Amino acid sequence: MAHQDSFSQDAGPLYLLTGEHRMSRRTVLRRLAGLTLAGGSITLFVTSCGSPTGASPASQNSDGLPTNHPPASQTSTSSSLIADLYTYRGHSASVMGVAWSPDGKRIATGSDDYTVQVWDAANGGHVYTYHKHTGRVNAVAWSPDGRRIASGSGDNTVQVWDAATGGHVFTYRGHSERVVTVAWSPDGRRIASGSNDATAQVWDAATGGHVYIYRGHIGCVNAVAWSPDSRRIASGSADMTAQVWDAATGGHVFTYRGHTDHINVVPWSPDGRRIASGSDDDTVQVWDAATGGHVFTYRGHTDAVWGVAWSPDGRRIVSGSGNIDNGKGDTSAQVWDAASGGHVFTYRGHSDPVWTVAWSPDGRLIASGSADTTVQVWGAQ
């Protein structure tokens, strides 16, 4: 590609622009507004001191990659800088799941088009497509060592495959209805999955062998998440509860009952002390992971909350929203203070519900997947 003497393909886009000359991110992004980098990796930076809103669709080349990205209108909501770095357009239907590789170099996405796609996190370049599922891919998760990916699907299976090549490793068939969520344990030894069959199941990540079934819920299990020490699992359900249970035995620890509608996501904070839960009641609630005691409620969204993720340092949370009935409504991703629930900024790059959000391992970028078929990568600070 052009400018090979100045830019490393392995580095993140903001590092490429700030690392060499030690300029601040704000200075660099302001100077580069409207700049096109030759070679098609990052074609245009859109910058604002608030929320990119009403972003125009980018034109695409034959590979579905953006070739132009006109500046979005600007709405100042805070002093935080938001940079819409690029849009990935490889999918032909809603993007249901998104996950960064542990080294931050690649992103995996699952879609209603029955595929999982892996692409370059620095520039949005397509790497490969995994085609083994026969139903919607609802969730994707990388192994902690970055060597494998697990994907859960409407075909009732979880499949594990090689993250470097896309080669199939094995299929887990323990569920009787569609698999909605998958999570790899931080120690890499086990995988948890949740399903419309109202169970969460835990199985061996090396062999696909079944370990046990958790039957604490009476509704679809929409979310599972491991504690950072791999000792507990949180699950969220259409029964309006979030439950925490022992990851070794499946024994129930406690139930959180703060929501008034389906719970869609239950990520654990990086320090293991808190859990955030997003719900169809339009709220994100943060609660004590040891006791289930309520900490605070974030009410910035006006529609159901589908995606929630903690920043790697645990200081902020991003949440994505949308109306499942009419496809419009909120359509925002919002970033807010994890200690107080105070609003930081709103990202409005998507034109349809935001189903999934994920923070990059270095904390500098956020990826969001939407019913508008795109994944957008944008600045987190």
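Heads up: the structure comes first, above all this text.
Summary of the structure given here.

Rules used in this analysis
- Residues numbered from 1 in each chain as written.
- Predicted model: local features only at pLDDT ≥ 70, side-chain atom pairs only at ≥ 80, totals over all residues.
- Heavy atoms only, no water.
- Helix = DSSP H or I, 4+ residues; strand = E, 2+ residues; numbered from the N terminus.
- Buried < 20%, exposed > 50% of the residue type's maximum accessible area, 1.4 Å probe, protein only.
- Contact = heavy atoms within 4.5 Å.
- Areas by Shrake-Rupley, 256 points an atom, 1.4 Å probe, with all protein chains shown as cover.
- Pairing = 2+ DSSP bridges.
- Axes fitted to C-alpha atoms, helices over the stretch in contact; angles between N-to-C directions.
- Polar contact = N/O pair within 3.5 Å; in protein donor to acceptor, adjacent residues only side chain to side chain.
- Salt bridge = Lys/Arg side-chain N within 4 Å of Asp/Glu carboxyl O.
- Phe/Tyr/Trp six-rings, centres within 6.5 Å; stacked < 30°, edge-to-face > 60°.

## Concerning the overall build of the protein chain
Then, in step 1: Assigned secondary structure in the protein chain consists of two helices and 31 strands.
Then, in step 2: Of all 381 residues assigned to the protein chain, the portion counted as buried reaches 59%.
Then, in step 3: Summarising the internal contacts of the protein chain: among those between residues at least 6 apart in sequence, 46% fall at separations of at least 24.
Then, in step 4: Summing over all exposed atoms, the protein chain offers an accessible surface of approximately 14,800 Å²; the carbon and sulfur share of this is 45%.

## Considerations on the sheet that holds strand E21 (residues 263–265)
In any sheet, the strands associate via hydrogen bonds between backbone groups, in a parallel or an antiparallel arrangement.
Then, in step 1: What the four strands build is an open sheet, ordered E21-E22-E23-E24; its pairing is antiparallel. Every other strand in the sheet has two partners, leaving E21 and strand E24 (294–298) as the edge strands with one partner each. The mean angle between the axes of side-by-side strands here comes to 30°, regardless of whether they run parallel or antiparallel.

## Points about the sheet that holds strand E18 (residues 232–237)
Then, in step 1: Pairing is antiparallel in the open sheet, where four strands are placed in the order E17-E18-E19-E20. The open sheet has two edge strands, strand E17 (221–226) and strand E20 (252–256), and neither has a second partner. Mean inter-strand twist for the sheet, computed between neighbouring axes without regard to direction, equals 20°.
Then, in step 2: Bridge count between E17 and E18: five bridges; the pairing is antiparallel. In the sheet register, Val-224 faces E18, and the bridge partner there is Ser-235.

## Considerations on the pairing of E17
Then, in step 1: For E17, the tally of buried residues reaches six of six residues, placing the bulk of the element in the interior.
Then, in step 2: Counted between consecutive antiparallel strands, the loop separating E17 from E18 contains five residues, among which Ser-230 sits at a positive phi close to 65°.

## Comments concerning the environment of Asp-303
Then, in step 1: For Asp-303, the position within the fold is in the loop between E24 and strand E25 (305–310).
Then, in step 2: On a C-alpha basis, the gap between Asp-303 and Asp-280 in space is 7.2 Å, while along the polypeptide they are 23 residues apart.
Then, in step 3: A distance of 3.4 Å separates the side chain of Asp-303 from the side chain of Asn-323, its partner in a polar contact.

## A closer look at the pairing of strand E31 (residues 375–379)
Across a regular strand the side chains alternate sides, sitting on one face of the sheet and then on the other.
Then, in step 1: For E31, the buried fraction is high: five of the five residues fall into the buried class.
Then, in step 2: Bridging between strand E30 (residues 365–370) and E31 involves five bridges; their strand directions are antiparallel. Directly across from Leu-365, in E31, lies its bridge partner Gly-379.
Then, in step 3: Taking the residues that link successive antiparallel strands as the turn, the E30-E31 hairpin has four residues, and the phi of Thr-373 there is positive, at about 80°.

## Topic: the environment of Phe-296
Then, in step 1: Residue placement: Phe-296 occurs in strand E24.
Then, in step 2: In sequence terms Phe-296 and Val-286 are ten residues apart; their C-alpha atoms lie 5.5 Å from each other.
Then, in step 3: The contact partners of Phe-296, leaving out residues within four places of it in the chain, are Arg-274, Val-284, Gln-285, Val-286, Trp-336, Asp-337, Ala-338, Ala-339, Ser-340 and Gly-341.

## Some thoughts on the pattern of salt bridges
Then, in step 1: Inspection of every chain in the model, using the stated rule, returns one salt bridge.
Then, in step 2: With its nearest N and O atoms 2.9 Å apart, the salt bridge here joins Arg-136 to Asp-112. Taken as a pair, Arg-136 in the loop between strand E8 (126–130) and strand E9 (137–142) and Asp-112 in the loop between strand E6 (106–111) and strand E7 (116–120) lie far apart in primary sequence, 24 residues in all.

## A closer look at unusual backbone geometry
Then, in step 1: Positive phi is not limited to glycine here, since Ala-198 has a value of about 70°.
Then, in step 2: Structurally, Ala-198 can be placed in the loop between strand E14 (190–195) and strand E15 (200–204).
Then, in step 3: At Ser-230, a position not held by glycine, the phi torsion is positive, near 65°.
Then, in step 4: Note on placement: Ser-230 falls in the loop between E17 and E18.
Then, in step 5: By relative accessible area, which is 12% here, Ser-230 ends up buried.

## Quick word on the packing of aromatic side chains
Then, in step 1: Considering all chains together, one arrives at 15 aromatic pairs under this definition.
Then, in step 2: Look at Tyr-172 and Trp-203: their rings are 4.4 Å apart centre to centre, the planes differ by 5°, and that puts the pair in the stacked class. Highlighted residues: Tyr-172 in strand E12 (residues 168–172) and Trp-203 in strand E15, separated in sequence by 31 residues.
Then, in step 3: According to the relative accessible area criterion, Tyr-172 is buried, its value standing at 4%.
Then, in step 4: Pairing Tyr-298 with Trp-336 gives two aromatic rings, centres 4.2 Å apart and planes at 5°, and the pair type is stacked. Of this pair, Tyr-298 sits in strand E24 while Trp-336 sits in strand E27 (residues 333–337), placing them 38 residues apart in sequence.
Then, in step 5: The class for Tyr-298 is buried, based on a relative accessible area of 3%.
Then, in step 6: Aromatic ring contacts, followed pair by pair, group Tyr-86, Tyr-88 and Trp-119 into a single cluster.

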